[in-house]
There are 6 protein chains.
Amino acid sequence: MKPRVIRKIHRADLDLVHQLGEMGVATVHEAQGRSGLMKPYMRPIFPNARVAGTALTVSCHPGDNMMIHAALSVCHAGDVLVVAPVADSTDGMFGDLLAESSRAHGVLGLVIDAGVRDTFELEEMKFPVWAKAIHAQGTVKATAGSVNVDVVCAGALVRPGDAIIGDRDGVVVVPRERVDEVCLLSQQRMAREEQTRERLKQGELGFDFYGMKDKLKALGVEFED
Amino acid sequence: MKPRVIRKIHRADLDLVHQLGEMGVATVHEAQGRSGLMKPYMRPIFPNARVAGTALTVSCHPGDNMMIHAALSVCHAGDVLVVAPVADSTDGMFGDLLAESSRAHGVLGLVIDAGVRDTFELEEMKFPVWAKAIHAQGTVKATAGSVNVDVVCAGALVRPGDAIIGDRDGVVVVPRERVDEVCLLSQQRMAREEQTRERLKQGELGFDFYGMKDKLKALGVEFED
Amino acid sequence: MKPRVIRKIHRADLDLVHQLGEMGVATVHEAQGRSGLMKPYMRPIFPNARVAGTALTVSCHPGDNMMIHAALSVCHAGDVLVVAPVADSTDGMFGDLLAESSRAHGVLGLVIDAGVRDTFELEEMKFPVWAKAIHAQGTVKATAGSVNVDVVCAGALVRPGDAIIGDRDGVVVVPRERVDEVCLLSQQRMAREEQTRERLKQGELGFDFYGMKDKLKALGVEFED
Amino acid sequence: MKPRVIRKIHRADLDLVHQLGEMGVATVHEAQGRSGLMKPYMRPIFPNARVAGTALTVSCHPGDNMMIHAALSVCHAGDVLVVAPVADSTDGMFGDLLAESSRAHGVLGLVIDAGVRDTFELEEMKFPVWAKAIHAQGTVKATAGSVNVDVVCAGALVRPGDAIIGDRDGVVVVPRERVDEVCLLSQQRMAREEQTRERLKQGELGFDFYGMKDKLKALGVEFED
Amino acid sequence: MKPRVIRKIHRADLDLVHQLGEMGVATVHEAQGRSGLMKPYMRPIFPNARVAGTALTVSCHPGDNMMIHAALSVCHAGDVLVVAPVADSTDGMFGDLLAESSRAHGVLGLVIDAGVRDTFELEEMKFPVWAKAIHAQGTVKATAGSVNVDVVCAGALVRPGDAIIGDRDGVVVVPRERVDEVCLLSQQRMAREEQTRERLKQGELGFDFYGMKDKLKALGVEFED
Amino acid sequence: MKPRVIRKIHRADLDLVHQLGEMGVATVHEAQGRSGLMKPYMRPIFPNARVAGTALTVSCHPGDNMMIHAALSVCHAGDVLVVAPVADSTDGMFGDLLAESSRAHGVLGLVIDAGVRDTFELEEMKFPVWAKAIHAQGTVKATAGSVNVDVVCAGALVRPGDAIIGDRDGVVVVPRERVDEVCLLSQQRMAREEQTRERLKQGELGFDFYGMKDKLKALGVEFED
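To start, this report covers the structure provided alongside it. Because the structure is predicted, anything quoted here is derived from the model rather than measured. Along each chain, residues carry numbers from 1 onward, in the same order as the chain's sequence is written. Chain labels run from A onward and ligand labels from 1 onward, assigned in the order the entries are written. Note on the predicted model: pLDDT of at least 70 is required for a residue's local features to be given, and 80 or more for side-chain atom pairs to be given and counted; whole-chain, interface and lining totals, by contrast, use all residues. Values shown for side chains rest on all heavy atoms present in the structure; no hydrogens or waters enter the calculation.

Regarding the interface of chain E and chain C
Let me state the cut-off plainly: Two residues qualify as a contact provided that any one of their heavy atoms is within 4.5 Å of a heavy atom in the partner residue. The salt bridge definition used is simple: a Lys or Arg side-chain nitrogen within 4 Å of an Asp or Glu carboxyl oxygen. The term polar contact refers here to a pair of N or O atoms within 3.5 Å; inside protein, the definition further demands a hydrogen-donor-capable atom paired with an acceptor-capable atom, and it admits residues adjacent in sequence only when both atoms are side-chain atoms. Each residue is assigned to one of three groups, with Ala, Val, Leu, Ile, Met, Phe, Trp, Tyr, Cys and Pro labelled nonpolar, Asp, Glu, Lys and Arg labelled charged, and all others, Gly among them, labelled polar.
In this complex, chain E contributes 13 residues to the contact, which on the side of chain C involves 13 residues. Taken together, chain E and chain C are joined by zero salt bridges. Connecting chain E to chain C are two residue pairs in polar contact (both at pLDDT 80 or more). Residues of the side of chain E that touches chain C, tallied by class, amount to five nonpolar, six polar and two charged.

Okay, here's the thing in structure tokens:
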């Protein structure tokens, strides 16, 4: 495949994406059938980082951040940068200057399967980042890559314009055409969980109301005093 | 071995366990002869998490949290859940609903050789957790396991009712029948350390009062200007 | 090589080292030609840890902290302990007592390619540490090693007296004879970055002012709508 | 997404796939623009394992191999099983019995982002496997999953029917609709490499015939005696 | 716990242990209820290594092999050394001289949660070893430890005299008092597997004879053409 | 530091280097005081790989092999390529064409803190390689680096012209000015080991002739029946 920068993409509806963001990663991941979750090594660089936006994808050479600059030339307000080097890397490909530039154009945050630096300044800016590593290691601007193509980032397939939701539990991707459905399923799940929470607080046991005792006995589990 | 849920176990004395908790993981680990410590990948999910209680052990299939529900059906106030999947896993097997249920029954915290989710909510609840990973990945409720059997969790043998102490330095297990002795040894160690601390603050050197210079010379170390 | 403790070393100028510390790890690493950075697994034990001092190096057996005591017998105010076991280890070789002793003699912090413990107390003392692991695992005082010899710590060569700068982005080493030059280069870099930051805040794109579009086209990248 | 088993898929042409297999992973990966390669942790379980076939994809719960059985009910001769658990796992989900069954139906090999067992027997059968781990850990048959849906396996997107090429250098995926083009590009690359090899054997230097000296000088590299 | 060397232990019956060894790790692990398996990072140092013997356990300081020497002073013919340092280590604690000594006293092999060296010579001697790492890193003989106490090795509890079975699939521990029962269960399992193998070779599908289609439909899996 | 290619370096004496190679990595590492060993993740790509030569060092950008070409333009017969990218990488930076070119100029092998590819062909050529990963991932030729400068490779400091010894136990570096001394020390060690081996074969115990029983008792170890 030839490297390329695609300017026009279809993006998920931002209002729905924000609703997904308020419900959080665990709920959305469950609601869409336990799919779309990135690997657990993707961690926020400060504890209360949260983001919900549309994917602006970058496929690039490890240790080379030129294509992130290229991505900012075609970004829209509400986008989240999703950077996937073509091979394993922990280099600090993004820092506070790129965050300033991102913010000036309405880009909400960064999800990067590599490293990030200037993390003290990024927290001061409240610019949310999920990364594999924090590392000052500098990068070059020398090799070609692509913007707004399908990428695999930290084990999840991300297509341009998909919804990206990040919080302390990780990062989940919702395909842009399923945002409406997943939003509804997430709300239903939250309502059910609210009821369950009340019962559990009162001391009822999931073990009892899910009927697990019979299930365990059927599986051969013995209960002993 | 057949899977089984054991209801009645011997538990370490909770008063002594709390005393161990106040002295902290590093002291207790040293006092009992540098044993019982879990692997360093077990990290608290918020910085000031602390726990001291008796082990409620769970042996389960990776990615399946049914046996955690079963464990809550036989828990006592003062217990700490110790969850050990039979194979490597980072799935988020425990979240805020299970924490609500745990708290409703007096379970003090969780030590899990796998993942945990809803970590923002867990910190708000001040429900302490030590885990291998933070991951939203959901689990099923389909396979048998055991409650209150001996398990190996993160490299440490844990028997039901053993004392579990967790803080920022990790998690240590004290065999239930040694809690009395280890408590005394920990207190003695703390007293000695207090004296040492004062001398070090005054500028004395461990190098001098431990007589290390002679020892190093005997080992062939040369001192050069 | 025979194990040895070297008392007198050449140290980088502390005023310059402090200036480097104020500019931070990412800037200094770039200014000296992207060299001297330790591996990304070296993390501060609390978020706002910062240090800038001269290297007091320790080469020791894994799981044995006797040579750290020996190092404190030859330290100077302004030093930073740099501890490099001769083989991989995560043991907690340093705790609050050693920190008290370090502080009493003017040692500013610790960089250790192994574990550390008493991390709650170390944060209370505001004693900055960069480590590979947090682990209560205790150590012995039984085997010979060296103080103030060249070591490789977390992938970086450190010679006694070199400048050690640590912050949230990691740890960088500046050779003691280059501190003057690197300080100047860092200041120049910061000035340039300040100008760039202003332009980016105004909405200018690095993509445009670095002339990347032509470069990408020359590399065969296609731009599509 | 609902779990599902899809019986009819489009497969890459097997003759072309075999030609790709003869040219090997490194060549094919380069020819298609350095894409489609799985992570380096995917290793063959015996040194001379080689495979070239069409992807029969399996998305399953970690530690549960029921969907591999389901996949064999819809396989075609020439397929390669590509198994991607929805979360990290090292369990031995496949052994010699499944290999017998695979072979009886013409399935050529296995690529699994998890563990494998009975590796001695698999080598005796010359049944090629690429896996993340070798582990005897047994699995259950309890939870739903999907067959012949798009999966991400070891960092690479695999769609049902894509070409899967494996050898000692790893595993590469070629999209089924590009097999023709990539085959041609691979042959061209091999022809070019053959010429280069001859020149290099004669002692010519890539440094010279690629004109690197001028390039390096332009990049500021100094040549010193 | 005080360090100690225990001379007399109860050992599993060697004839039964050898029978377990012939059936292999995967079968024995399954037969005893999927328990007792060491972590997948434990690999044989040559492909056809096999061992079956009784555990001679060593708990020692990382990087110190004195207690292995102590263990050989109390070994019996038919033992397998099981070495578990008290903290993570990859040091090469065992080499060809210790193998010569082991062999002279009837010790059959080594299982070590650390490193090993002289691996070329060990293969020439056909001395089987399972280890976490191959590393020339030398060790000292300076600190106390224990012989023939319960240890956790690579995630598995090993008690002195337990059966240790190792092959290409890993290492499994059978409690000494269960050897008889597990031997019988393993034989039954092998007989069943032999029948299954024949059916699979004939082209029958596990999917059919395990009745999985109904099970999958009950779990909500859809079958599509 | 400016990137540079240094043409003339001092090399260790090749006759002595070959003698070191015959004695092997473990012996040489011990003889020079347990120093100079690379990390255990550096593995030979085929079991019987051996090398002994003088270091031709390369410092380069991850994923960019241009400087390896540059190194071959200044190599001497008897050299071993030592490639150290400035940041973590597993890319396959070296393959069979570079091996052909290396061999044409007398370069004996490769030690690379990154990946390698064409491993089947490299084994056929008997071109020995020690690497962190086997990966087909291709690289670019775009960024500057240095040849024949000091590098840290897999945790070991390597200076141009140092002796590099590799075998199945790993890779060790001997400083070029110590080759004579280390050769002698290695021979002495081998002679001593030969005597020890004979005694051990006869059934004598290191435990006895090293006097460990008294040492253990002095350390507080109890002997129990």
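Side note on the interface of chain E and chain D
In plain terms, the rule: We define buried area as the total accessible area lost by two parts upon association, computed with a 1.4 Å probe and summed across both. Secondary structure counts use DSSP, requiring at least four H or I residues in a row for a helix and at least two E residues in a row for a strand, with both numbered from the N terminus. When DSSP finds two or more bridges between a pair of strands, those strands are recorded as paired.
Chain E puts 36 residues into the contact, and the matching count from chain D is 38 residues. Buried surface at the junction of chain E and chain D, summed over both partners, amounts to about 3,300 Å²; 58% is from carbon and sulfur atoms. It is Arg168, Asp169 and Asp225 of chain E in chain E that bury the most area against chain D; as a group they hold 18% of the surface buried on that side. Between the two partners, chain E and chain D, sit five salt bridges. Across the salt bridge formed by arginine 4 of chain D and glutamate 224 of chain E, the nearest N and O atoms sit 3.5 Å from each other. Summed over the shared surface of chain E and chain D, the result is 17 residue pairs in polar contact (both at pLDDT 80 or more). Looking at the side of chain E that touches chain D, the elements that each hand over two or more residues are helix 2 (25–31), helix 6 (179–201), helix 7 (206–209), helix 8 (212–218) and strand 12 (222–224) of chain E. Of the residues forming the side of chain E that touches chain D, the biggest block, six residues, is contributed by helix 6 of chain E. The pairing of strand 1 (residues 4–6) of chain D with strand 12 of chain E spans three bridges and is classified as parallel.

A short note on the side chain of aspartate 118 of chain E
Rule in force here: When accessible area is computed with a 1.4 Å probe and restricted to protein chains, residues below 20% of their type maximum are described as buried, those above 50% as exposed, and intermediate ones as partly exposed. His residues and chain termini do not enter the charge count, which takes Lys and Arg as positive and Asp and Glu as negative.
The topology assignment puts aspartate 118 of chain E in the loop between strand 5 (109–116) and helix 5 (119–124). The buried charged residue aspartate 118 of chain E lacks any salt bridge, with arginine 117 of chain E as its nearest oppositely charged partner at 4.6 Å.

A closer look at the packing of aromatic side chains
Under the convention used in this document: Each Phe, Tyr or Trp ring, with Trp reduced to its six-membered ring, pairs with another whose centre is within 6.5 Å; inter-plane angles below 30 degrees give stacked pairs, above 60 give edge-to-face pairs, and intermediate values give tilted ones. Two conditions define a charge located above a ring, namely a distance within 6 Å from the ring centre to NZ of Lys or CZ of Arg, and an angle within 35 degrees of the ring normal.
Scanning the entire structure with this criterion turns up 18 aromatic pairs over all chains. Note on phenylalanine 94 of chain D and phenylalanine 127 of chain D: the rings are 5.7 Å apart at their centroids and 20° apart in plane angle, and the pair reads as stacked. Here phenylalanine 127 of chain D lies in the loop between helix 5 (119–124) and strand 6 (129–134) and phenylalanine 94 of chain D lies in the loop between strand 4 (79–85) and helix 4 (96–104), a separation of 33 residues in the sequence. For the cation-ring pair, arginine 199 of chain B lies above phenylalanine 209 of chain B, with the distance from its terminal atom to the ring centre recorded as 4.1 Å. Over the ring of phenylalanine 223 of chain E we find lysine 213 of chain E; its NZ or CZ atom is 5.2 Å from the centre of that ring.

Re the relation of the copies chain E and chain C
The test is simple: We superpose the copies by least squares over the C-alpha atoms of residues that have a pLDDT of at least 70 in both of them.
Mapping chain E onto chain C leaves a residual RMSD of 0.0 Å; the transformation is a rotation of 180° accompanied by 0.0 Å of translation along its axis. What the rotation and shift describe, once combined, is the action of a two-fold rotation axis.

Description of the pattern of salt bridges
This structure, assessed with the given rule, holds 90 salt bridges over all chains. Close ionic contact of glutamate 193 of chain B with arginine 189 of chain B constitutes a salt bridge, the shortest N to O distance being 3.2 Å. Taken together, the residues glutamate 193 of chain B and arginine 189 of chain B, both in helix 6 (residues 179–201) and four residues apart, mark about one turn of the helix. On the basis of relative accessibility, which here comes to 18%, the residue arginine 189 of chain B falls in the buried class. A salt bridge links aspartate 79 of chain F to arginine 11 of chain F; the shortest N-O distance between them is 2.8 Å. Of this pair, aspartate 79 of chain F sits in strand 4 (residues 79–85) while arginine 11 of chain F sits in the loop between strand 1 (4–6) and helix 1 (14–23); the two residues are 68 residues apart in sequence, bridging distant segments of the chain. We classify aspartate 79 of chain F as buried; its relative accessible area is 0%. Overlapping salt bridges, with partners in common, bring together Glu30, Arg34, Arg189 and Glu193 of chain A together with Arg117 of chain B in one network.

Without other data, these values stay purely geometric and don't point to any function.
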